[in-house]
Each structure stands twice: as C-alpha cells, then as structure tokens.
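# Report on the structure
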Amino acid sequence: MESFFVVIPSRYSSLRLPGKPLIDLNGKTMIQHVYECGLESGAKEIIIATESKLIAENAESFGAKVCMTSENHKSGMERITEVANLLNWDDAQIVVNLQGDEPLMPKSAIKECANLLIEKEADISTLASPFLSRNDFEDPNCVKVICNQYNNAIYFSRSPIPNEDFLEKKDFSMKVALHHHGIYAYRCGVLRQLIATNPPLIEKCEKLEQLRALSLGMKIAVCTPTERPGIGIDTIEDLQKVSKLI
C-alpha cells in the first residue's frame, strides 16, 4: 500500500465557536481528540496545520507535529496545500484532510478513505453514509451527496436533494442522497491544481469547496465507511452531544 499523510487543518478563529480547537471535551482539547483519531490509522505521519500559537502549544504538549501556516487561508484545503509545499511533498503523494472539528472520526474510516483513492482512478476520495433521520436530511450543516452508478459524486449540497415536490410519497430523496462525512484524500498535485483555480459561483453559493473539483471535471470517489463517523462540531448543540458521547 502507498504511504499517506494525515493533515489536520486547525484555525483558532470561528464565527460560531471562537477557539473551537481548544474547547475542552472531557479533559482533552478537541484538537487532541482529532489527533488521536489519526493514530493507528496507518498514516506515515500526522501533522496539525495552524496559524495559532495557542493551538501549536497545545498540540506540542501532547506530542503532535505542528506546521505553522498563514493566517490568510480561507479553507482547510488551502492550509493543507501550504503544508505540502513547505514540506516539498511530491505531486503523487497522498494526503488525507482530517478536519479539526471531527473528534469522532474512526481510525478505520481514515484508512478506508486513503485506500479508496489508491484503488480507484479518481482525483479525490471521500466518505458518505445513509441518512439516519429526516432532521439530519433537512439540516444545512449535514451535507448531502448524490453519486452515479460508479459511486462517483455527481453533486454536493447543503439543501435536501433531490427535490421531492413532485412526488406523492416523501423520503425517496433520503434513499438517493447520502450523508457526506468531512474527510478527503487527495494527491498533492490535485490540491495544487485546485488552489490555482478561482472558486466557481456554485462553490460560493453552497460554501462547499469540493464543488470546485466537480466544476473542473475531477472525479470524486465515494464509499460508505465500515464504521460510521460521529457528528462533527459546528454548533454549541453539536458540542454538547459530542461531549456526552465521549
């Protein structure tokens, strides 16, 4: 199997939860929980990429490798690309983007995401599972993905898709769309190509950076993980749920 790196982009400032990476979750910061998700995933190395000295100090306190990056990045994808450039990673190198607000990501899912990129002729790989509830399906924080018969993504949206207005029976859409999990594997050359491209209007509308790849005609492979990831933390309500689960 090809080697892969895990990079955890972690930004201190957050509109809804300022200082989110350093929030205490039962005795450990959120970023430490995420870092520990990467352990035993098979990654060659796990790197926390941040602009914050506070996050860096916390990460180093539990033994993580830290890469200081620009405070001007608008996305985790940009931050990870800076890491790849700073460390001179080859275009063929695989890197997994493990988002810093996913403290319940199973290590098996990280490995499966990396393996999917190796096994399929795709530009990017990611994970998705069936929706568990109607509330999740209608929640804009739960991203929806629709795939073709080859399990490649057709479209991602924060809105419930496909449209059910013309159907007599509801909930068919929940059988078509999958609940997208916030994890990706790329080759560094793909990351560099994405960063060199201006965000298209559809990405700005949905606030989903993976739509840039689709707009460029890139192939995003999708599979359902063996172990379903827990919820990510976007709101104070998510924080309370995750704290109880941990």
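Described in the following lines is the structure provided in the data block. (Residues numbered from 1 in each chain as written. Predicted model: local features only at pLDDT ≥ 70, side-chain atom pairs only at ≥ 80, totals over all residues. Heavy atoms only, no water.)

Residue placement: K144 occurs in strand β8 (residues 144-147). No salt bridge forms around the buried K144; measuring N to O, its nearest opposite-charge neighbour D139 is 6.4 Å away. Polar side-chain contacts of K144 include one of 3.0 Å to the backbone oxygen of F137. Separated by 2.9 Å, the side chain of K144 and the backbone oxygen of D139 make a polar contact. (Helix = DSSP H or I, 4+ residues; strand = E, 2+ residues; numbered from the N terminus. Buried < 20%, exposed > 50% of the residue type's maximum accessible area, 1.4 Å probe, protein only. Lys, Arg positive; Asp, Glu negative; His and termini not counted. Salt bridge = Lys/Arg side-chain N within 4 Å of Asp/Glu carboxyl O. Polar contact = N/O pair within 3.5 Å; in protein donor to acceptor, adjacent residues only side chain to side chain.)

Turning next to the pattern of salt bridges. Counted according to the given criterion, the structure contains 7 salt bridges. In this structure, E36 engages K28 in a salt bridge whose closest nitrogen and oxygen atoms are separated by 2.9 Å. Residue D91 pairs with R192 through a salt bridge whose shortest N-O separation is 2.6 Å. Pair noted here: D91 is in the loop between α3 (76-86) and β6 (94-98) and R192 is in helix α7 (residues 188-195), with a separation of 101 residues, a long-range link. Judged by its relative accessible area of 45%, D91 falls in the partly exposed class. Judged by its relative accessible area of 22%, R192 is partly exposed.

Moving on, we come to the pairing of strand β4 (residues 45-50). In terms of burial, β4 is a largely internal element, 5 of the 6 residues being buried. Alignment of strand β1 (residues 4-10) against β4, held across 6 bridges, turns out to be parallel. Each bridged residue has a counterpart across the sheet, and for I8 the counterpart in β4 is I48. In terms of handedness, the path from β4 via helix α2 (residues 53-61) over to strand β5 (residues 65-68) forms a crossover that is right-handed. (Pairing = 2+ DSSP bridges. Right-handed = clockwise from strand over helix to strand, strands pointing away.)

Bringing the nonpolar core into the picture now. Counting 32 residues, the largest nonpolar core has V6, I8, I48, V96, L98, I110 and I183 as its most contacted members. Those elements giving two or more residues to this core turn out to be β1, α1 (30-38), β4, α2, β6, α4 (107-119), β10 (178-187) and α10 (236-245). Filtering out sequence-adjacent residues up to four positions away, I8 remains in contact with I31, V34, Y35, I46, I47, I48, A49, L98, Q99 and G100. Counting 30 residues, the second largest nonpolar core, distinct from the first, contains V95, V145, F156 and C188. (Core = buried A, V, L, I, M, F, W, Y, C linked by side-chain atoms within 4.5 Å. Contact = heavy atoms within 4.5 Å.)

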